[in-house]
Protein chains: 2
Amino acid sequence: MNEIIQEVEMGQWRRTHSSSEIRSCSENDIVVVMGWVSSVRDHGNLRFIQLQDRKGSTQVVAKKGECPDPVLEQIQSLKEHSSIAIKGKVKLQQKSPSGAEIVPIELKVFSHARNAAPFLIQGKRNSIGLDTRLDLRALDLRRNSLQTIFHIRHTILKSIREFLDKEGFTEVNTPKMIATSTEGGAALFPIFYYDREAFLAQSPQLYKEQLTMSFENVFEIGPIFRAEPSRTNRHLSEAISIDTEMAFADYNDAMRLLENLLFHVFDSIRSINKHELSSSEIQIPQINIPLPRYSYAEILQTLHESGENVRYGDDLSPQVLKLSASNMNLDGFYFITDWPASIKPFYVKPDSKSEAKSESFDLMYRTLEISSGSTRINTKSELIDRMRKQGLNVQKFDYHLKVFDYGIPPHAGFGVGLERFLMAITGLDNIRDAAFYPRDIDRLAP
Amino acid sequence: MNEIIQEVEMGQWRRTHSSSEIRSCSENDIVVVMGWVSSVRDHGNLRFIQLQDRKGSTQVVAKKGECPDPVLEQIQSLKEHSSIAIKGKVKLQQKSPSGAEIVPIELKVFSHARNAAPFLIQGKRNSIGLDTRLDLRALDLRRNSLQTIFHIRHTILKSIREFLDKEGFTEVNTPKMIATSTEGGAALFPIFYYDREAFLAQSPQLYKEQLTMSFENVFEIGPIFRAEPSRTNRHLSEAISIDTEMAFADYNDAMRLLENLLFHVFDSIRSINKHELSSSEIQIPQINIPLPRYSYAEILQTLHESGENVRYGDDLSPQVLKLSASNMNLDGFYFITDWPASIKPFYVKPDSKSEAKSESFDLMYRTLEISSGSTRINTKSELIDRMRKQGLNVQKFDYHLKVFDYGIPPHAGFGVGLERFLMAITGLDNIRDAAFYPRDIDRLAP
């Protein structure tokens, strides 16, 4: 390795300013900036580095005579993506987008990019094969559009917790390694748990229900696992679920909580991510609460009217919903309520007046399901009855059922799929881009 | 089921006040309170219910003549732990601890306790077998002392995120289903991933390191999985890890971040959980920053001075640390720094001056390890070299190593074990009580 491309350690070097702070400096201030090289341009005696950090980017301008010759030489051999530090002098520039440039005095290369990147970070995300991008995901995530999307994701999580904390919810974490399937049928990942078989939890459902007994209102934000055999744009094998459960509440309370939560999240994104959004193509959808509520029966009615043959008890596929959309206002976020009990899990409470339907809802964004919620059954005998009807082995749920002998309160709740929610908000068309490192039937690495 | 013990639905009933709000009511205000029955006392024509909700408890006083006879009858058949609603009139009582009582007008039983609980909630936690409690954990968690502990846990998580958000960290979630072990040796849980073998992640280590490349400073709070064969009071098979990673930083920066984080957490607990702590036996330890820092070599020195035969490269067990504690101030929180590289994972950076030691630290509370951190290696060749020395299959890390070709910044970070941290703060002696539903070699349910 020749001297020029030798790498150095941090040592006593520390960043003094981020790229966004340079504009507030005075002319000739000495600063140390650190980040990665998003571009290098070489005009012989005039060389430019675009230095990117998490706050934005800064232009470094090295002119022969104005900056030391060895620094000019270092820049010549600098490759895009390398991690560097620059000590330099601030030069205020009204016309530069960052308001200031840096004239380098010293350049340290912490880590050289050894290869040319297999895709352009400036290029359109969609013009590069998704698999190529995912194979080098850490590099792919340097892309501006993905930076904005994941900063929005950060705001979503932050504002959800803020909201739930204010509403008196206690944060919980329930086990991901479990003895019995929660939802019955759906596909589970099996584990070797020491000498026994166990499964990865598809949802914290039964645990969060139990905990309403001791904490009343609880929430959990954590991974869920589904051995999903399909290859759609809306399914992951591992996703983040935002789960809530409330004591002394029914599904109407849960819907109200959810729409207020949405409103708070949208409000937070518009304020916290304002600057990034203004320079991005992302359009945050409008939301007005209360959201429209359509019962399952109403949707069926409009489908029948347009000649579609959907029977009571059929699920509503995205294709079918697209058909209703033309007759109803299904453009933004809305609820579909009162689903047939037969297509909802065993713990969902049937309607007290009509057993066929249930106190349940799905939150939809256009044809995408974002969240599912319901009033839950809180009497043991009714729960056992529903388990039997769904062909579940009641004995396997013994550890859960016995809790119902000790006065579990009436309760209701919902789970929101974070990646789907992020898709809806940012307009992503593939759920894989809404996860840092997505997992599906084909992908287990990185 | 006779009429008296029949259960009712929520219907239009909604809580108007929590127990802590009753004291702010006016005399004769009509309120609806909901919760579970923590005790019932029957003096014939005078009956008392202690109603517990997540904010505290309220006394309900039913006197013949003052409250309807059917309500008096209902109270007679009421069992502890049942979930109920009471509509009643507020009676201010200066001498009552809650400042007010309720005279019932109507009583609704949402869910009857069908059995007497197998343990007393008022009893000391330690006087009941842990397994008996864990078998009915949701009920056990109604215990006041555990309520306080898990409310403190909520504050810990909330204040950690608050702090890291302010410091510019981006929240991430990395996959829990992975193709290759991170730490090499340690015990993994294998999974069937569709048609392949995979493992549950022992830590988000390699992913969080990669993400410093795109997000600089990241944190993740999520489950980690370790097939721990031991049955100690300080190990779980599934735990919550608070992970951070910072770009352009070394282990000294990480230690400073961690101690400032601790300070903020303690401050938040003292303010948010003040009221609960004042009526509990929990003593939050004092913390002064900067925390004491002892190098591994210094600890060894004091051990040698007291005649202990611990060699350079040996781990420091709790037993061994107890011996040093008499000669050093190892009473509260402190760091042990500069560990031998040979007993740290491959990604830990050896000291540039002395290869045998590493830029690493453990945060200790007395003899309990709370956190581990280090500067990480950020050059590919050095990483490969360390992997080989530790007998790892370099090819299996290909998906990780290739990221190092694209200018990964120097970085450092740490992981904190949430349950251990909670033990240290609240004085719990068994880590199982620091988890909602603990997992160990013997326990997979509930």
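Asker: How do you make sense of the overall build of chain A when you look at a structure like this?
Answerer: Scanning chain A for helices and strands turns up 12 helices and 16 strands. Principal-axis analysis of the C-alpha atoms places the extent of chain A at approximately 85 × 55 × 40 Å. In chain A, buried positions account for 47% of the 446 residues. Long-range contacts, defined here as pairs at least 24 residues apart, represent 65% of the contacts in chain A between residues at least 6 apart.

Asker: Sorry if this is basic, but what is going on with helix H8 (residues 296-305) of chain B here?
Answerer: Along an α-helix, residues three or four apart share an orientation, since each turn contains 3.6 residues. All names here are of chain B. Residues of H8 that are buried include every one of Tyr296, Ile299 and Leu300, and no others. Down the axis of H8, the sector holding all buried residues measures 100°, keeping them to one side. Among the residues trailing H8, glycine 307 stands out with phi positive, at a value near 85°.

Asker: Explanation requested: unusual backbone geometry in the structure shown.
Answerer: Glycine aside, the phi torsion of most residues is negative, and most peptide linkages are trans. With omega at 0°, the peptide bond leading from Ile289(A) into Pro290(A) counts as cis. Even without glycine at this site, Arg366(A) takes up a positive phi of about 50°. Structurally, the position occupied by Arg366(A) is in the loop between strand E14 (360-365) and strand E15 (368-375). Given 16 C-beta atoms within 10 Å, Arg366(A) falls into the partly exposed group. The phi angle at Asn28(B) is positive, at roughly 75°, despite the residue not being glycine.

Asker: Would you mind showing me how to read the relation of the copies chain B and chain A here?
Answerer: A rotation about an axis combined with a shift along that same axis relates the two copies of the chain. Mapping chain B onto chain A calls for a screw motion: a turn of 180° about the axis and a shift of 0.0 Å along it, with 0.0 Å RMSD after fitting. Put plainly, the chains are arranged around a two-fold axis. No C-alpha of chain B lies nearer the rotation axis than that of Ile191(B), which sits 2.2 Å from it. Of all interface residues in chain B, 100% are interface residues in chain A too; the two copies therefore contact each other through one and the same surface.

Asker: Looking at this structure, how should I read the interface of chain B and chain A?
Answerer: By convention, interface size is frequently given as the accessible area that disappears when the constituent parts associate. Residue-level contacts link 83 residues of chain B with 83 residues of chain A. A total of 7 residues in the side of chain B that touches chain A trace back to one element, the largest contributor, which is helix H4 (residues 144-166) of chain B. Of the residues assigned to the side of chain B that touches chain A, the class counts are 44 nonpolar, 20 polar and 19 charged.

Asker: Help me understand the domain arrangement of chain A, please; the structure alone is not making it clear to me.
Answerer: For chain A, the assigned domains read domain 1 (3-111) and domain 2 (139-292 + 329-434). In this structure, domain 1 of chain A and domain 2 of chain A have C-alpha centres spaced 46 Å apart.

Asker: Hey, could you run me through the environment of Leu277(B) in this one?
Answerer: All names here are of chain B. With respect to the element layout, leucine 277 can be found in helix H7 (residues 274-278). A count of 18 C-beta atoms within 10 Å places leucine 277 in the partly exposed class. Apart from the residues within four sequence positions on either side, leucine 277 is in contact with Ile282 and Ile284.

Asker: Looking at this model, I keep getting lost on the packing of H4(B) against helix H12 (residues 418-426) of chain B. Mind explaining?
Answerer: Angle between the axes and distance between the axes are the two parameters that describe a pair of packed helices. Residue and element names in this part refer to chain B. Axis separation between H4 and H12 bottoms out at 11 Å; the angle between their running directions is 120°. In terms of axis orientation, H4 runs oblique to H12. Crossing geometry of H4 relative to H12 is assigned as right-handed. Along its contact with H4, which presents Ile149, Ile152, Arg153 and Ile156, the element H12 presents Phe421, Leu422, Ile425 and Thr426.

Asker: Before we go on, may I ask you to explain helix H10 (residues 380-389) of chain B in this structure?
Answerer: Residue and element names in this part refer to chain B. Taken together, the buried positions of H10 are occupied by Leu383, Arg386 and Met387. Considered in projection along H10, the buried side chains sweep an arc of 105° and stay on one side of the axis. Seen from the open side of H10, the exposed residues pointing more than 90 degrees away from its buried face are Ser381, Arg388 and Lys389. For H10, the elements touching its buried residues are helix H11 (398-401). Positive backbone phi, approximately 70°, marks glycine 391, located one or two places after H10.

Definitions and cut-offs
- Residues numbered from 1 in each chain as written.
- Chains lettered and ligands numbered in written order.
- Predicted model: local features only at pLDDT ≥ 70, side-chain atom pairs only at ≥ 80, totals over all residues.
- Helix = DSSP H or I, 4+ residues; strand = E, 2+ residues; numbered from the N terminus.
- Buried ≥ 20, exposed ≤ 12 C-beta atoms within 10 Å, placed from the backbone.
- Contact = placed C-beta atoms within 7 Å.
- Arc of directions from axis to C-beta.
- Least-squares fit on C-alpha atoms with pLDDT ≥ 70 in both.
- Nonpolar A, V, L, I, M, F, W, Y, C, P; charged D, E, K, R; others polar.
- Domains from an automatic or database assignment.
- Axes fitted to C-alpha atoms, helices over the stretch in contact; angles between N-to-C directions.
- Parallel < 35°, antiparallel > 145°, perpendicular 65-115°, else oblique.
- Left-handed = near helix turned anticlockwise from the far one by under 90°.

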